[in-house]
Amino acid sequence: MVEKYNPIEAEPKWQKRWEESAIYHVDDNNKNPKWYALTMFPYTSGDLHIGHWYAMAPSDVYARFKRMQGYNVLHPIGFDAFGLPAENAAIKRGIHPKTWTMSNVENMRRQLKSIGAIYDWDREVITCLPEYYKWTQWFFLKLWQFGLAYRAKAPVNWCPNCQAVLANEQVVNGGCWRCETLVVRRDLEQWFFRITKYADELMRHDELDWPERIKLMQANWVGRSEGVEISFVIDYPGVEEKEISVFTTRPDTIYGVTFMVLAPEHPLVQKITTSEYKLEVETYIENARRCSEIERLSTERKKEGVFTGAYAINRLNGDKVPIWIADYVLLSYGTGAVMAVPAHDERDFVFAERYRLPVKAVVVSSRRDGDVLKEAFIENGLIVNSGHFNGMESTAAKTAIAEYVEQQGWGRRVVSYKLRDWLVSRQRYWGAPIPAVYCDKCGIVPVPEKDLPVLLPDDVEFKATGESPLKYCKSFVDTNCPNCGEAARRETDTMDTFMCSSWYFMRYTSPHFAQGAFDTDAIIKWMPTDIYTGGAEHAVMHLFYSRFFLKALRDMGLVHFGEPFKRLFNQGTVTRDHQKMSKSKGNVVNPDKYVSELGADTVRAYLMFIGPWEQGGDWDDSGIMGLSRWLGRIWSMALDKYDEVGCAAEGTQAAKDMFRLMHQTIRSVTEDMDRLRFNTMISSLMEYSNYLAKIREAGSVNVTEYREAVSVLLRLLAPTAPHFTEEVWSRLGYAYSIHNQRWPEWDSVIAQDEEILLVVQVNGKVRDKVTAPAGVTEDEAKSLALNSSKVQCFTAGKTLTQVVYVPGKLVNIVMK
RNA sequence: GCCGAAGUGGCGGAAUAGGCAGACGCGACAGUCUCAAAAACUGUUGGGGGGUGACCCUCAUGUCGGUUCGACCCCGACCUUCGGCACCA
């Protein structure tokens, strides 16, 4: 008996050996076909918790699998290092964001190394370092040059007490998280990227192997809808504007308009409100400004609004309708104004009921008697009360009314999107400075490329309020205009960190390239990524921004493709007692404890075994010993001397059966790997190893044959348990390293079962199982079934009506 | 409220082109080893009923219906849980 496997000794030993022999060094010039297996890089939060392992370990297993299949695999790692938490640490604990971030990087790097992944650390990317953010700034300039960046006013959460901008997360129950002062919305001039230019393209995922639900989410995020913009005449003397434009997808209901609703921020509100309603309207707007968008859009809230005192005229029928304001209408969507048709829209109906506004039915259904007083009728139907459009079908009326409106010059057909442009300005310190200069003479001037990076100054004073210290850093703000050389001011806003993460995967391909953001040759070799794995929380934002980035770069001629990620896979989340893990809840599971007791390989295998990767699961360590025991059994099975147990001749039936299972296992493990079904992959490896253990005990195969079967087991297990298999491999006397071995291939002839088990049913119930040769014909199978004595017990005294045969599987005898 | 996903033993989960429900593991129980315990190993393990026994019958995949020779799988209605959400006009 050999001594037991000791992961605590073996794991660091092999990690050191791998590092010394640079076994995972990725060489661009390697002639093997390339495979880019990307994992979402972690944020530098401080500690690697079990959720990180759940993301990193299985993706490493997959990358190792591709590597053994003969690919030149790039499976890089880096850190998303800019962001709010670093700044909070600075404010709360007086640690500089850079110090905090870099010490977290150091700690997480150490923890990441304990996973035993194939990361090539020479390619590590850290977004907060000047050599990285120099190029983030460069991309900003490119997008600006290309006409995709612009400035506009946009609201922010503002704490009047701290005089600082707050993130949504920093607004607690409508108040500032530091001083609880009521947060208000304040308009600031900020930078935007024109992502809406790519709206239609971003909705398409034709070539992408992505989960359907993510595609759906993204399509819903773009929210394309075709409709009509129609103007109503303002019936209010002395107003410069004569019309209000609304967007509707239901022009067929325009004769049913009984009022209009504007967003509280709509510019016309101030102009049309009558003196009588001024106070009420002002109060309402003031309250709306205090509400976050999430609150405003919550369905829990009652739909409230106020009358402006003004009226508008529906040009189609001359109806004079009141104009209201309500916060359920958003300025950012459509035209910020809606025509309300309570008879045929649920929200409008609720609003009309509340304020006793009239309801006028203009669509009826033959299927029901349009009783619109109880609820809105939102389906299509026959048009009534609508002048010469009466009698038309809704669908036809939509076109007819749209055409009529266009002819009259009252409006036009438009496509509207929910998608808004990407706001990239952040009023914070810990981010990449936006490379722009404000000159009194020349206006807004881009920083010349040669002057990049615009360095984030280190010696700044952090204010307890959270206000960006950059504004007060004279050495940073004061500069000269790159254009005219006169004194000028730097932009003090920094970039959204999504900007940093929109291109990091390209930097991995040439991380030390000094002449540009990336080396085009390397991009051509590696991009787009073959697979991208990560959490579903990035289903929309990050993935969406990255796709936009690539489309923009493609149109600038900088890259040859427009989609960064060919295949996407979202792993589920690991919960604790069915709750999300978070530092505040104190329920974060730290894997270090398990790694130091049982080894990384056991943790890797256990995480993959607990269930399908895309489903995640609740953390419960009760089963982890099972995986540790399993590795222990393989250890003694492989290393205890076989010839002590027994020695058979070559080519016995037992050997034949063993090789059949071996090839079947290679097949199922390979297929499961490709589908990222790691739980079933491990199950089949367990079945195979259990079988080999029995063979070993019986001594029913030859030593050489047995050793071959074990060698296949080890290679199939190598991606999952890299240290363990390396140790066993070396002890068996094979050459270093198991990870440079070829992935076993299966022979479907050997994998073929000689006999099949035929299930025999009577009226759909299993009554017998008979073995038949693999090539059994339909007639043979049927007669085997009919001759079964068990079957005859159930068929006696009944009439045979049908015999169903499923080739190689089942015979169903139908009796009456 | 809308959209999406999912409900299978004591537990995590297998099995979907409609064809043996419960693979594999955990736990539990029994045994081997031990003075004893732990560890390790071996065996049993969905419920109910029957047989001395190899076994046999029957019920069972959230609930109720439907389609089918046959349903965890497809269809309809409902219940529950978990995710996402921007009242989208």
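Residues numbered from 1 in each chain as written. Chains lettered and ligands numbered in written order. Predicted model: local features only at pLDDT ≥ 70, side-chain atom pairs only at ≥ 80, totals over all residues. Heavy atoms only, no water.

### Some remarks on the nonpolar core
Membership of the largest hydrophobic core comes to 177 residues, with the highest contact counts inside it found for Trp422, Tyr504 and Met506. It is helix α2 (residues 50-68) that contributes the most residues to this core, 10 residues altogether. Excluding residues within four positions of it along the chain, methionine 506 makes contact with Phe518, Ile523, Met527, Leu550, Leu553 and Val559. In this structure, Val239, Ala326, Val363 and Phe377 belong to the second largest nonpolar core, which totals 51 residues. (Core = buried A, V, L, I, M, F, W, Y, C linked by side-chain atoms within 4.5 Å. Buried < 20%, exposed > 50% of the residue type's maximum accessible area, 1.4 Å probe, protein only. Helix = DSSP H or I, 4+ residues; strand = E, 2+ residues; numbered from the N terminus. Contact = heavy atoms within 4.5 Å.)

### So, the packing of aromatic side chains
Within the structure shown, the criterion is met by 53 aromatic pairs. For the pair tyrosine 532 and phenylalanine 565, a centre-to-centre distance of 4.2 Å together with 35° between the ring planes defines the contact as tilted. Separated by 33 residues along the polypeptide, tyrosine 532 in strand β26 (residues 531-535) and phenylalanine 565 in the loop between α17 (541-555) and β27 (568-571) bring together distant segments of the chain. Each member of the pair, tyrosine 532 as well as phenylalanine 565, is classed as buried. Joined through ring pairs, the aromatic side chains of Phe140, Trp144, Trp191, Phe193, Tyr198, Trp422, Phe498, Tyr545 and Phe548 make up one cluster. We note lysine 34 situated over the ring of tryptophan 526; from NZ or CZ to the ring centre the distance is 5.3 Å. Over the ring of tyrosine 311 we find lysine 320; its NZ or CZ atom is 5.0 Å from the centre of that ring. (Phe/Tyr/Trp six-rings, centres within 6.5 Å; stacked < 30°, edge-to-face > 60°. Lys NZ or Arg CZ within 6 Å of the ring centre and 35° of its normal.)

### Quick notes on the confidence of the model for chain A
In regions of low pLDDT, the predicted coordinates are not meant to be interpreted in detail. Model confidence for chain A is summarised by a mean pLDDT of 88, while 95% of its residues fall at 70 or above. Element-level mean pLDDT values for chain A span from 53 in helix α10 (residues 293-296) up to 97 in strand β2 (residues 72-74). Reported confidences for the modelled complex are a pTM of 0.90 and an ipTM of 0.90. (pLDDT = per-residue confidence, 0-100.)

### Details of the sheet that holds strand β23 (residues 478-480)
Across the sheet, which stays open at both edges, the four strands sit in the order β22-β21-β24-β23 with antiparallel pairing between neighbours. Two strands close off the open sheet at either side, each with one partner strand: β22 (443-446) and β23. With direction set aside, neighbouring strand axes in the sheet form an average angle of 45°. (Pairing = 2+ DSSP bridges. Axes fitted to C-alpha atoms, helices over the stretch in contact; angles between N-to-C directions.)

### Thoughts on the side chain of asparagine 314
Topologically, asparagine 314 is positioned in the loop between β13 (305-313) and β14 (320-326). What asparagine 314 contacts, discounting residues up to four positions off in sequence, is Phe232, Ile254, Tyr255, Val257 and Asp319.

### Considerations on the packing of α2 against helix α19 (residues 600-609)
Two numbers describe how α2 lies on α19: the axes approach to 9 Å, and their chain directions differ by 95°. Judged on the interaxial angle alone, α19 and α2 are roughly perpendicular. Here Ile50, Trp53, Tyr54, Ala57, Pro58, Asp60, Val61 and Arg64 of α2 lie close against α19, whose contacting residues are Ala600, Val603, Arg604, Leu607 and Met608. (Parallel < 35°, antiparallel > 145°, perpendicular 65-115°, else oblique.)

### What about the sheet that holds strand β32 (residues 765-773)?
Picture the strands of a sheet paired through backbone hydrogen bonds; they go either parallel or antiparallel. Strands sit in the order β32-β31-β34-β33 across an open sheet of four strands; the sheet is mixed. Across the chains shown, the open sheet's two edge strands, defined by having one partner strand only, are β32 and β33 (800-806). Between one strand axis and the next, the sheet turns through 20° on average, direction left out of account. In terms of strand pairing, strand β31 (residues 755-762) meets β32 through eight bridges, oriented antiparallel. Its bridge partner lying in β32, glutamate 755 is registered against proline 773. The strands touched by helix α26 (residues 778-787) are β31, β32, β33 and β34 (810-815); relative to β33, the strand with the most contacts, the crossing angle is about 125°.

### Regarding the environment of threonine 533
With respect to the secondary-structure elements, threonine 533 resides in strand β26. Note: C-alpha distance between threonine 533 and methionine 40 (493 residues apart in sequence) is 6.4 Å. Filtering out sequence-adjacent residues up to four positions away, threonine 533 remains in contact with Leu38, Thr39, Met40, Ser59, Phe569, Gln571 and Trp613. Here threonine 39 takes part through its side chain, which lies 3.4 Å from a polar atom of the side chain of threonine 533. (Polar contact = N/O pair within 3.5 Å; in protein donor to acceptor, adjacent residues only side chain to side chain.)

### Notes on the side chain of histidine 52
If you trace the backbone, histidine 52 turns up in helix α2. Accessibility expressed as a relative area gives 11% for histidine 52, which makes it buried. When near neighbours in sequence (up to four residues on either side) are disregarded, histidine 52 contacts Pro42, Ser45, Asp47 and Met108.

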